[in-house]
Amino acid sequence: MTKDFFEWTKEKFDIRKVFEKPEALKGIRVLDLSQVLIGPETASLFADFGAEVIKIEPPGMGELLRSVDLWSRFWKNNSVGVMWVQRNKYFFGLNLKHPKGKAIFYDLVKKSDVIIENYVPGVMERMEISYKHIKEINPRIIYVSISGFGQWGERWNWPSWDAAAQAASGVSAISGYEGRVPMKLPYYPGDMLGGAAAFMVALAALYHREFTGEGQYIDVTQAENLARHMSLIWSYVSKKGEDWKRLGNKDASIVANAFKSKDGRLVTITAISNSHFEGLCKAMDKSELLEKYPDVVSRLKPEAREEIDGEIERWVSEHNAEEIIEMSAEFGFSAGIARNSLEVYTDGHLRDRGTVWMYNDPLFGEMVHVGPPVKMSETPGRIKWTVHPVGYHNRYILKNLLGFSDEEVKRLEEEKVIGYWVDFFGRTPPPEFDPEKDPVFRW
Amino acid sequence: MEWHELSKEYFEIEKGKLRSPLEGVVVLDASFASPSATFASSLLAEMGAEVIKIEPPEGDDLRKLSPFGEFYFDGIGLPFIVEGRNKEFITLNLERKEGREIFRRLAMHADVVIESFKPGWMDSMGIGYRQLSELNPGLIWVSFSAYGSFGEKAKKFANVPDSNLFGISMSAYMEASRELPEAGEPYNLPTAPGFWMATNIAGVFASAGVVLALYYRLKSGKGQMIDISSLDAMVHIAPGIFWSHAHNEPLFVGVLPLDYAVFPYAFWKIKDGYVFASGFTDPNFRALITQLGVEELFEKYPNVFARIKLENQKVLYQELAERFEQLTFAELTQRMLEWREQEKEGVAVYMKITTPKEVLEENYWKERGDFRDMEINGETIKVIEPVWRLSKTPLKLKWLAKKIGEDNAFVYKKYLGLAGKDLEELRRESLI
């Protein structure tokens, strides 16, 4: 007899076996010149799936985000914020303004596949490491430039942060409630959604290169990427001739909204298809609602929505949130609870899936990280380590990859071509770390 | 030549003549009522894959969605029109054994299958990844669901359909998206973004997974199964929410319009709308408050540690709000430009909060070519183009959604050699 489907998937996706499996991007080398969130996240996704990602930072202070942390708390001397987007990378403290530093960078370029940067357009050109320069050294390179508004166009030199892109793209103007200050979507989606898209298209370029051998230049922007996510809203607004109203939690195109439960939780209910709505009506014991609105279109009209949402609101208010979750499984509609951080952290299901990824970090000890967002049966992504101090892998990279001797490395240190962290908040290694005894650092 | 002129030249290309990155890849999208799967197959289609959307003979219920039930073009609502881009539309009844046999034959020609059925359903019907990969070992299979195909709760909650609000709420993203308690209800309750963030981002990650799998297949010849939910995707893009507990931090709380990591980094009301303003490093903060005429605040809040404290943020937000209310966006940018001309230290960033209608009128987007007027059913609608620019293999928007089964003749002939009478027979049997 064949195995139960879920027994089979359990084995197929078992996260305890991840490290026995191959990595999709093994052999791909990425030079990560980016900082803050969007570029670093793009590079981290490459590293999740096995690429060797070398994060190049200016010696000393390094990356800007090392200065920024939630409530400026700095766990074990480091920014937790920076840890999110510095997964599995090698940390190279290289002075690109020094001629020898640039020469080392060019040598690395010859041995690399992808470059990721997110400076204001023009900065790379001034430093002579723009695509124009790099393609002459390695025409196979895939060079990803990420910016607020693009390398060209009338906003090419506008500085940008995630929330600036939210403001400029329209995603904030359509989020929150009418009459309030529009919603600044938390957790920097301008960066995190943009990083995911940059990863996707860079992979496509890599795939293409297998057929033609040619590299290319890629221009990804925070603002346009967010605009792409608004999809149908552009078509609606232009057709309607009126602006989109902020609707709180109500979805205009789907029977979906959030309601308060008996035990005071916020519960989201969604019925996209006819069968989902049928299941919901059965759960609510409201067959008359299904009879009155038998097709999807009829339910979306504002008056119908008011009636339907009103019925759901009353029903939800009479049940505890967990009861509704149980019923969603029984009747086949979509229900969720606006869970808090602890509920997500302790969710055994998310741990089983490696979405909440528990591991032992070589530098920080017992740690949690966010696991790969897409689960792959043969080449699963994995977390190996997170942020390291500026220059931690200098010796490893120079000796291993570029064949430098101990003496040459020493000279580069003296000439300030390469360098390490400074004793400044967000830069110092965790207290347990002893550089003299660390085999990788001493490589 | 300056970089912004030179870089533009890399993209002054004849899109139509250039190869697409995923040319030659055949995708069967058998998803039903799944915005995330639909977005994923849209992205793959923009990247040049041949996406064959398989619907039951009566069509995907997604076709019927449209904001406020308002605009339909030949019965197709806006979400489906826009994300039906570049796909071929065929019908096939998978509820019937004969239909499943046709699916099996189609899958022999496919590189990728996308589906959103209840986890285990296709497997139980003999057309799951487990069975079809035996016949087509290079097959890449993407399953979309709410709780996924594996994990503690997968089996028990297999019946639950995935949705945007499910991913937004269960990931705690919604909990982080709330105003401070004093804002009062409903503003201080968890709030979802105004677009389909969770299902879209699941789509982006899934299509990235497909390209990863295609790449790996070139090296190994092996296909694989990909499992994704909008919940996993949302947790991934907002890692810091649950993460606090690994460091023995208290529960994460939403603090809009403030921020937990940087201040000032917020939206304010101004005379003619709303603005984003930021300047959170010391020199940038000084630039911002000087431009607003309250430079004396610097002494009180001289470093990030002082500014990030919640109680201080609240006071500062209010102080700055009084200033912002008296200024227009033009006045703010004027001050910023003067500051820059005088080469003073620090950069304050201002950005007007732009509505969709305003965006559609701005020259920036026109010059970048982000929107295009397209014809559907004799009417013109504006749609967003693929926005990520690749210099050698550009992404393309070719056409919008078509009618149910419009490509039956083309696809069934191309892959299974079925035509004329064969198709009529299938139609009579209600298989297509």
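Residues numbered from 1 in each chain as written. Chains lettered and ligands numbered in written order. Predicted model: local features only at pLDDT ≥ 70, side-chain atom pairs only at ≥ 80, totals over all residues. Heavy atoms only, no water.

**Describing the environment of Lys 309 of chain B**
Residue and element names in this part refer to chain B.
Then, number 1: Summarising the element assignment, Lys 309 is placed in the loop between α14 (304-308) and α15 (310-324).
Then, number 2: For Lys 309, a relative accessible area of 43% translates into the label partly exposed.
Then, number 3: Spatially, the C-alpha atoms of Lys 309 and Glu 425 are 72 Å apart, while their sequence positions differ by 116 residues. (Helix = DSSP H or I, 4+ residues; strand = E, 2+ residues; numbered from the N terminus. Buried < 20%, exposed > 50% of the residue type's maximum accessible area, 1.4 Å probe, protein only.)

**Re the pattern of salt bridges**
All names here are of chain A.
Then, number 1: The tally for this structure, following the rule as stated, stands at 70 salt bridges over all chains.
Then, number 2: Between Glu 311 and Lys 286 there is a salt bridge, with the nearest N and O atoms lying 3.4 Å from each other. Highlighted residues: Glu 311 in helix α14 (residues 302-317) and Lys 286 in the loop between α11 (274-284) and α12 (287-292), separated in sequence by 25 residues. (Salt bridge = Lys/Arg side-chain N within 4 Å of Asp/Glu carboxyl O.)

**What about the pairing of strand β10 (residues 356-361) of chain A?**
Residues and elements named next belong to chain A.
Then, number 1: One ladder, built from six bridges, connects β10 with strand β11 (residues 365-370); its direction is antiparallel. Along β11, the bridge assignment pairs Asn 360 with Glu 366.
Then, number 2: Taken together, β10 and the strand that follows it, β11, pair antiparallel across an intervening segment of three residues. (Pairing = 2+ DSSP bridges.)

**Focus: the sheet that holds strand β8 (residues 266-271) of chain A**
Residue and element names in this part refer to chain A.
Then, number 1: The strand order across the open sheet built from three strands is β7-β8-β9, with neighbouring strands paired in antiparallel fashion. Looking at strand neighbours, the two that pair on one side only are β7 (255-260) and β9 (334-337), the edges of this open sheet. Pairwise comparison of adjacent strand axes, ignoring direction, gives a mean angle of 15 degrees for this sheet.
Then, number 2: Relative to β9, β8 runs antiparallel, the two sharing four bridges. For Ile 269, the partnering residue across the bridge sits in β9 and is Ala 335. (Axes fitted to C-alpha atoms, helices over the stretch in contact; angles between N-to-C directions.)

**Considering a negative patch on the surface**
Residues and elements named next belong to chain B.
Then, number 1: On the surface, Glu 2, Glu 5, Glu 9 and Glu 12 cluster together into a negatively charged patch.
Then, number 2: Looking at the secondary structure, you find Glu 5 in helix α1 (residues 3-11).
Then, number 3: By relative accessible area, which is 41% here, Glu 5 ends up partly exposed. (Patch = residues over 30% accessible without salt bridge, like charges linked within 9 Å, V, L, I, M, F, W, Y side chains within 5 Å. Areas by Shrake-Rupley, 256 points an atom, 1.4 Å probe, with all protein chains shown as cover. Lys, Arg positive; Asp, Glu negative; His and termini not counted. Charge placed at Lys NZ, Arg CZ, Asp CG, Glu CD.)

**Regarding the domain arrangement of chain A**
Then, number 1: Segmentation of chain A into domains returns domain 1 (14-229 + 362-437) and domain 2 (255-342).
Then, number 2: The centre of domain 1 of chain A, based on its C-alpha atoms, is set 42 Å off from the matching centre of domain 2 of chain A. (Domains from an automatic or database assignment.)

**Here we look at the packing of aromatic side chains**
Here a ring pair, both rings aromatic, is described through the centre-centre distance and the interplanar angle of the planes.
Then, number 1: Enumeration over the complete set of coordinates arrives at 60 aromatic pairs over all chains.
Then, number 2: Centre to centre, the rings of Tyr 236 of chain A and Trp 244 of chain A are 5.2 Å apart; their planes meet at 85 degrees, and the pair counts as edge-to-face.
Then, number 3: A residue is classified by how much of its surface remains accessible, and Tyr 236 of chain A, at 4% relative accessible area, is buried.
Then, number 4: Counting every residue linked through ring pairs, the aromatic cluster contains Trp 84, Trp 161, Tyr 187 and Tyr 188 of chain A together with Phe 252, Tyr 260, Tyr 265, Phe 267, Phe 276 and Phe 280 of chain B.
Then, number 5: The positively charged end of Arg 382 of chain A is found above the aromatic ring belonging to Phe 19 of chain A, 5.6 Å away from the centroid. (Phe/Tyr/Trp six-rings, centres within 6.5 Å; stacked < 30°, edge-to-face > 60°. Lys NZ or Arg CZ within 6 Å of the ring centre and 35° of its normal.)

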